[in-house]
Amino acid sequence: QVQLVESGGGSVQAGGSLRLTCAASGRTFSRYSMAWFRQAPGKEREFVATITSNGGSTYNAPSVKGRFTISRDNDKNTVYLQMNSLKPEDTAVYYCAAGLRVPLSELSEVLYWGQGTQVTVSS
């Protein structure tokens with residue numbers, strides 16, 4: 001069992017930056033691939049970025065490539081999403097996710113979800 005708690009969301013102007021943090025409970029955090037998904041109002045939840053269990057590989061959705069960076073610290077049971085050059089279209093609730101699939105990029109592959117954190121980007 002893994003519990004995930006996101007933090008770091010907020011409101012920012014276009015071009016700004018935010019760093020999201022996902023704190024995980026449980027002793028098996030390092031077994032899991034981790035990912036970030038997001039859901040904008042009226043839209044389906046979509047994949048943003050994923051990282052393998054040892055942090056050796058990452059993969060981003062094309063819409064955030066070059067702007068967002070996912071990372072993890074297995075000693076701290078934490079995964080991060082650094083978001084730079086934010087755009088209004090990045091406005092969404094961002095969810096942390098854990099699973100065993102590599103890469104973890106499909107909703108159906110997620111085993112555990114966080115509760116989400118709101119990110120709002122104004123123009």
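Summarised in this report is the structure supplied together with it. Keep in mind it's a predicted model, so treat the numbers as computed, not measured. (Residues numbered from 1 in each chain as written. Predicted model: local features only at pLDDT ≥ 70, side-chain atom pairs only at ≥ 80, totals over all residues. Heavy atoms only, no water.)

## Comments concerning the overall build of the chain
Thought 1: For the chain, the helix and strand inventory stands at zero helices and eleven strands.
Thought 2: Along the chain, helices (α) and strands (β) appear in the sequence β-β-β-β-β-β-β-β-β-β-β when read from the amino end.
Thought 3: Here the C-alpha radius of gyration of the chain, 13 Å, is about what a compact globule of 123 residues would show, namely 14 Å.
Thought 4: By its C-alpha atoms, the chain is 40 × 25 × 25 Å across when sized along the principal axes.
Thought 5: Burial statistics for the chain: of 123 residues in total, 45% are counted as buried.
Thought 6: If you take every contact in the chain between residues at least 6 apart in sequence, the share linking residues at least 24 apart comes to 58%.
Thought 7: Accessible surface, the chain: about 6,400 Å² in total, of which carbon and sulfur atoms supply 45%.
Thought 8: Computed over 12 positive and 9 negative side-chain charges, the separation of the two mean positions in the chain equals 4 Å. (Helix = DSSP H or I, 4+ residues; strand = E, 2+ residues; numbered from the N terminus. Rg over C-alpha atoms; globule rule 2.2 N^0.38 Å. Buried < 20%, exposed > 50% of the residue type's maximum accessible area, 1.4 Å probe, protein only. Contact = heavy atoms within 4.5 Å. Areas by Shrake-Rupley, 256 points an atom, 1.4 Å probe, with all protein chains shown as cover. Lys, Arg positive; Asp, Glu negative; His and termini not counted. Charge placed at Lys NZ, Arg CZ, Asp CG, Glu CD.)

## Description of the packing of aromatic side chains
Thought 1: A full pass over the atoms with the stated rule returns five aromatic pairs.
Thought 2: Seen from their ring centres, Tyr32 and Tyr112 are 5.9 Å apart, and the 80° between their planes marks the pair as edge-to-face. Of the two residues, Tyr32 is situated in the loop between strand E3 (18-24) and strand E4 (33-39) and Tyr112 in strand E10 (residues 112-113); the sequence distance between them amounts to 80 residues.
Thought 3: The exposure class assigned to Tyr32 is buried, which follows from its relative accessible area of 6%.
Thought 4: Ring geometry for Phe47 versus Tyr59: centroids 5.7 Å apart, planes at 15°, classification stacked. Remark: Tyr59 occurs in strand E6 (residues 58-60) and Phe47 occurs in strand E5 (residues 46-51); sequence separation between them is twelve residues.
Thought 5: Aromatic ring contacts, followed pair by pair, group Phe37, Phe47, Tyr59, Tyr95 and Trp113 into a single cluster. (Phe/Tyr/Trp six-rings, centres within 6.5 Å; stacked < 30°, edge-to-face > 60°.)

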